[in-house]
Amino acid sequence: MLVLAHISDLHLDGSPRATERAERVRDRLWELPGQVDALLVTGDIADHGTEAEYEEAARILGLRDGDTPFPVLTCPGNHDSRAPYRKALLGLPTADGPVNSVQVFDGGAVLMCDSSIPGGDEGALEEETYDWIEATLDELDGSVPALLAFHHPPVALHHPLPDAYRLGAPDRLAALLERRPEIAGLVTGHAHTPAATSFAGRPLVVGPGVTWTLRLPWEGEQVADREAPVGLAFHVLDTEGRLTSHFRTV
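Now for a quick tour of the structure. (Residues numbered from 1 in each chain as written. Predicted model: local features only at pLDDT ≥ 70, side-chain atom pairs only at ≥ 80, totals over all residues. Heavy atoms only, no water.)

## Some words on the sheet that holds strand β12 (residues 231–237)
What the five strands build is an open sheet, ordered β3-β2-β1-β12-β13; its pairing is mixed. Two strands lie at the open edges of the sheet, namely β3 (72–75) and β13 (243–249), each paired on one side alone. Here the average twist between neighbouring strands, direction ignored, is 25 degrees. Judged from the five bridges that link them, strand β1 (residues 2–7) and β12 form a sheet pairing that is antiparallel. Paired with Val3 across the strands is Val236, a residue of β12. (Pairing = 2+ DSSP bridges. Helix = DSSP H or I, 4+ residues; strand = E, 2+ residues; numbered from the N terminus. Axes fitted to C-alpha atoms, helices over the stretch in contact; angles between N-to-C directions.)

What follows is the structure in structure tokens.
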């Protein structure tokens, strides 16, 4: 059984408010008494994509000194910028290509995929990313269930703001899922609201936002609930390849 914590949309901008909310959920996760295999952070880690914002994120998430109770896996969102993300968050040489990574566990694998479009708010998985997903799954040889994690949901969530900037070319992703039965589900962020639905016959779970929570159309005209508590999710991938998700607030 694989247990994954999940946060999204920290939007760190140097403000005390953003820092406090990120540190609040970090502290809760770091103090958990039970086993968690990894933390997934699905994009919009920085608000403006600056090195200073990623340096703060690296400090909060323990990526600077590796002082974390479990691996911290990240992928970019539409507010992120690839070159400073690589340099200041990951400690890697700067480059402009998609930021993709994989972590393999005893009970499964997590592919962190870059759905950002430099300079844009919409999402897309580039050809390079699709090739990387296929090659990575080939190496795993279908022996373990896999989760794909990225920022932009590929389906409508029934709010005009995230629905205007969702993942493009969803048919391409659906075709990949049809060819790859080992993909047990999809995990995304971007919408600032916890949500559970399906895509191409697989579970699709949207993580809540750290910075603020999206008010749905029937909850009122104001889009951002900045007073809502910080949200996080826990995903369980069991030995049957079934994905179960739980949501908490801090």
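From this point, things continue past the structure.
## Concerning unusual backbone geometry
With a phi close to 50 degrees, His11 is a non-glycine residue in the positive phi region. Structurally, the position occupied by His11 is in the loop between β1 and α1 (16–30). The buried category is assigned to His11, whose relative accessible area is 9%. (Buried < 20%, exposed > 50% of the residue type's maximum accessible area, 1.4 Å probe, protein only.)

## Side note on the nonpolar core
Counting residues in hydrophobic clusters, the biggest one holds 30 residues, and the most contacted among them are Ile7, Val25, Leu29, Leu39 and Val41. Within the residue set of this core, elements represented by two or more residues are β1, α1, β2 (38–42), α2 (51–60), α3 (82–90) and β12. Sequence-distant contacts of Ile7, defined by excluding residues within four places in its chain, comprise Val25, Leu29, Leu39, Leu40, Val41, Thr42, Val210, Gly231 and Leu232. (Core = buried A, V, L, I, M, F, W, Y, C linked by side-chain atoms within 4.5 Å. Contact = heavy atoms within 4.5 Å.)

## Remarks on the side chain of Thr188
Relative to the helices and strands, Thr188 is located in strand β7 (residues 183–188). Here Thr188 is in contact with His6, Thr42, Phe150, His151, His152, Pro153, Leu204, Val205, Val206 and Gly207, once residues within four sequence places are set aside.

## Points about the packing of aromatic side chains
Taken as a whole, this structure holds two aromatic pairs when the rule is applied. With 5.5 Å between their ring centres and 80 degrees between their planes, Trp30 and Phe70 make a pair best called edge-to-face. With Trp30 in helix α1 and Phe70 in the loop between α2 and β3, the pair connects residues that are 40 residues apart, well separated along the chain. Above the ring of Tyr130, the side-chain terminus of Arg172 is found at 4.1 Å from the ring centroid. (Phe/Tyr/Trp six-rings, centres within 6.5 Å; stacked < 30°, edge-to-face > 60°. Lys NZ or Arg CZ within 6 Å of the ring centre and 35° of its normal.)

## Remarks on helix α4 (residues 127–140)
In a regular helix each residue adds 1.5 Å, so 14 residues correspond to 20 Å; α4 covers 20 Å between its end C-alpha atoms and thus fits that length. Of the positions making up α4, those classed as buried are Thr129, Tyr130, Ile133, Thr136, Leu137 and Leu140. In a view along the axis of α4, the buried residues occupy a sector of 130 degrees, so they form one face of it. Check the buried side of α4 and you find it contacts β4 (101–105), β5 (108–112), β6 (146–149), α6 (170–179) and β7. (Expected span 1.5 Å × (residues − 1). Arc of directions from axis to C-beta.)

## A word on the packing of α1 against α2
Where α1 meets α2, the axes come as close as 10 Å, and the angle between the chain directions of the two elements is 25 degrees. In this view, α1 runs roughly parallel relative to α2, as classed from their interaxial angle. The handedness of the crossing between α1 and α2 comes out as right-handed. In contact with Thr19, Ala22, Glu23 and Arg26 of α1, α2 contributes Glu56, Arg59 and Ile60. Across the contact of α1 with α2, the residue classes tally to two nonpolar, one polar and four charged. (Parallel < 35°, antiparallel > 145°, perpendicular 65-115°, else oblique. Left-handed = near helix turned anticlockwise from the far one by under 90°. Nonpolar A, V, L, I, M, F, W, Y, C, P; charged D, E, K, R; others polar.)

Keep in mind these values describe shape, not function.
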